[in-house]
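The primary structure of each chain is shown beneath.
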Amino acid sequence: MNLELIHKYPREKRFTLSILQDIQREYNYIPREYMEYIAEYLNQPLSDVYSIATFYKALSLKPKGKYTIKVCNGTACHIRGSESIREELLKVLNLEPGETTEDGLFSVEVVNCIGACALAPVILINDKYYGGMTKEKVKDLINSYREVAINA
Amino acid sequence: MLIKIDGKTYKGHPGETLMEVARRNGINIPSLCYKKGFEGLGRCRLCLVEVSEGKRSKIVSACVYPIKEGIEVTTITDEIIKMRKDIILLLLLRAPDNEYIQQLVKEYEVKAPERYIQNDNDDCILCGLCVKACEKLGTKAISLVNRGITKKVSTPYDDPSKDCIGCGACAETCPTNAIKLEESNGIRTIWNRDFDLVKCSICGKYYTTLDALKFIEDKLASNEEHICDTCKKKSTASKFKESFQHIY
Ligand code: SF4
Ligand code: FES
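Residues numbered from 1 in each chain as written. Chains lettered and ligands numbered in written order. Predicted model: local features only at pLDDT ≥ 70, side-chain atom pairs only at ≥ 80, totals over all residues. Heavy atoms only, no water.

### Thoughts on the overall build of chain B
As a reminder, the rule being used: By definition, any uninterrupted DSSP run of H or I lasting at least four residues is a helix, any uninterrupted run of E lasting at least two residues is a strand, and each is numbered from the N terminus. Any residue under 20% of the maximum accessible area for its type is buried, any over 50% is exposed, and the rest in between are partly exposed; the area is computed with a 1.4 Å probe on protein chains only. Should any heavy atoms of two residues lie within 4.5 Å, those residues are counted as being in contact. Neither His nor the chain termini are counted; the positive set is Lys and Arg, and the negative set is Asp and Glu. In plain terms, the charge of a residue is placed at NZ if it is Lys, CZ if Arg, CG if Asp and CD if Glu.
In terms of regular secondary structure, chain B is built from 7 helices and 11 strands. In terms of overall dimensions, chain B has C-alpha extents of about 60 × 60 × 30 Å along its principal axes. Split into buried and exposed, the 248 residues of chain B put 42% on the buried side. Long-range contacts, defined as pairs at least 24 residues apart, comprise 48% of the intrachain contacts of chain B with a sequence gap of at least 6. Separation between the mean location of the 39 positive side-chain charges and that of the 35 negative ones in chain B comes to 4 Å.

Here's what the structure looks like:
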């Protein structure tokens, strides 16, 4: 375990969420041993830390892919066909909703309005926006990410 | 501090909630998530009452409403009944087979429209009283987890919890009897974990778990006699009797 991530915070309850966010950023999920260590370090019941970790959508108990793909399903994107883009993504990646590809690269989420309605339908890969998405563009986009990951 | 409830005047202390004043004076305000000695949680919203201050009036939850000098409270109006019916309808849709919810349904003559009826069935109404009880009397082994439609009460990871002492405070406070607690052959099973039970040294009945006893002893830093509540009360009463015998 990389305890540095945790020890840089004072041992106070109010840092629970910040620590969880840092762990999520580092590992793309909250490994159980970290959850348990945080509780010990902050002298909080494990049930409280677990409650917070399961409340926020930004935190996850299962490993997320290196690239998290968020499909916007806000009203504008929904009307412009976000559903078919999501289906195509799951098909191309051979994924069930909420799961991560075996190589640990991709996971797909549906979110409600990311505030980029003018670009509808839009998807977000980590921090990058892809507006005006079509079913046809999905495959190439995924392949370009795969290539980057393989060459990295 | 003086307040009026249904036309009569009652005394209250600053910081008290409406529910506390009402309960002390035997006034019935329906509730599921209120428990004497715990602060109000405001989750079930059955305890709605109307509060008037001068010309203004509003509907509030009695269990979380701190009293103010001079307020006038009405515990039942047509509007309150209507709102309560809606709340009971929602509870009914969540816990259709629960006998406590059924009692309310009968009392308020609530009927769920066919098109709302779903098949998922849960006794828990997510009031959080058990979590509070565990925090106050136990070890905070359980909490409310997840959110939205997957919200529930559980131990971390749904695993047997290391923190749990099997005291059963959660099961005891639950207003809908939603928490499974089973006992057989000197073993209590709760939250997926087995606990050894301890017998009362007087009546010989199982009355608590070994872990709960240890927890209390550590807290009080003393060795407790292994006596159940019923026998404790009896022995205090007889000690009382004895000492009074010598006076009269
Ligand atoms: S188990 Fe009972 S006490 Fe706990 S939240 Fe559910 S209804 Fe309330
Ligand atoms: S008793 Fe007040 S909200 Fe439940």
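### Structural notes on the packing of aromatic side chains
In plain terms, the rule: Centres within 6.5 Å make a pair out of two Phe, Tyr or Trp rings, where for Trp the six-membered ring is used; the pair is then stacked when the planes are under 30 degrees apart, edge-to-face when over 60, and tilted otherwise. Both a distance and an angle decide whether a charge sits over a ring: NZ of Lys or CZ of Arg must be within 6 Å of the ring centre and within 35 degrees of the ring normal.
Inspection of the entire model under this criterion finds 8 aromatic pairs over all chains. Considering the side-chain rings of Tyr 9 of chain A and Phe 15 of chain A, the 5.6 Å spacing of their centres and the 40° angle between planes classify their relative orientation as tilted. Like Tyr 9 of chain A, the residue Phe 15 of chain A is buried in the burial classification. Seen from their ring centres, Tyr 67 of chain A and Tyr 145 of chain A are 4.8 Å apart, and the 75° between their planes marks the pair as edge-to-face. Taken together, the positions of Tyr 67 of chain A in strand β1 (residues 67-72) and Tyr 145 of chain A in helix α7 (residues 135-151) put the pair 78 residues apart, joining distant regions of the chain. The same class applies to Tyr 67 of chain A as to Tyr 145 of chain A, namely buried. Put simply, the rings of Tyr 67, Phe 106, Tyr 130 and Tyr 145 of chain A touch in pairs and so form one group of aromatic residues. The cationic tip of Arg 32 of chain A hangs over the ring face of Tyr 157 of chain B; the distance from NZ or CZ to the ring centre is 4.1 Å. The ring centre of Phe 55 of chain A lies 4.6 Å from the NZ or CZ of Arg 147 of chain B, which sits over that ring.

### Overview of the pattern of salt bridges
All names here are of chain B. Our working rule: Note on definitions: salt bridges are taken to be side-chain nitrogens of Lys or Arg within 4 Å of carboxyl oxygens of Asp or Glu.
For the structure on display, the rule yields 19 salt bridges over all chains. As a salt-bridge pair, Glu 39 and Lys 136 come within 2.9 Å of each other at their nearest N and O atoms. Pair noted here: Glu 39 is in the loop between α1 (18-24) and β3 (48-53) and Lys 136 is in helix α4 (residues 129-137), with a separation of 97 residues, a long-range link. For Glu 39, a relative accessible area of 42% gives the class partly exposed. By relative accessible area, which is 37% here, Lys 136 ends up partly exposed. Measuring nitrogen to oxygen at the nearest pair gives 3.9 Å for the salt bridge that ties Glu 135 to Lys 140. Classification of Lys 140 as buried rests on a relative accessible area of 14%.

### Some points on the pairing of strand β2 (residues 106-111) of chain A
In regular strands, side chains alternate between the two faces of the sheet. Residue and element names in this part refer to chain A. What counts is decided by this rule: In this scheme, strands are said to pair when DSSP sees at least two bridges between them.
In terms of residue burial, β2 counts as a mostly covered element, since 5 of its 6 residues are buried. Where β1 lies against β2, 6 bridges are found, and the strand directions are parallel. What sits directly across from Thr 68, in β2, is Ser 107.

### Here's the deal with the state of the cysteines
Residue and element names in this part refer to chain B. For clarity, the cut-off: Two cysteine sulfurs form a disulfide in these notes if their separation is within 2.5 Å.
Scanning the model with the defined rule gives 0 disulfides over all chains in all. Its sulfur unpaired, Cys 170 is 6.4 Å from the next cysteine sulfur, which belongs to Cys 167. The class for Cys 170 is buried, based on a relative accessible area of 8%.

### A short note on the site of ligand 1
The criterion, for reference: To be near a molecule or strand, a residue needs just one of its heavy atoms within 4 Å of it. Residues were grouped as follows: Ala, Val, Leu, Ile, Met, Phe, Trp, Tyr, Cys and Pro as nonpolar; Asp, Glu, Lys and Arg as charged; and all remaining residues, including Gly, as polar.
Near ligand 1 there are 13 residues, and of these Cys 124, Cys 127, Gly 128, Cys 130 and Cys 174 of chain B occur at the shortest range. Of the residues belonging to the shell around ligand 1, the class tally is 11 nonpolar, 2 polar and no charged.

### A short note on α7 of chain A
All names here are of chain A. Let me state the cut-off plainly: What a helix is expected to span follows from its residue count: subtract one and scale by 1.5 Å. Starting at the helix axis, one direction is taken to each C-beta atom, and the arc is that of these directions.
The end-to-end C-alpha distance of α7, which contains 17 residues, comes to 26 Å, matching closely the 24 Å that a straight helix rising 1.5 Å per residue would cover. Among the residues making up α7, those that are buried are Val 138, Leu 141, Ile 142, Tyr 145 and Ala 149. Viewed along the axis of α7, the buried residues span an arc of 100°, placing them on a single side of the element. Of the exposed residues in α7, the ones pointing more than 90 degrees away from its buried face are Glu 136, Lys 139, Asp 140, Glu 147, Ile 150 and Asn 151. Buried residues along α7 sit against β1, α6 (82-93), β2, β3 (123-125) and β4 (128-130).

Everything listed here is a matter of coordinates, which is why it stays silent on function.
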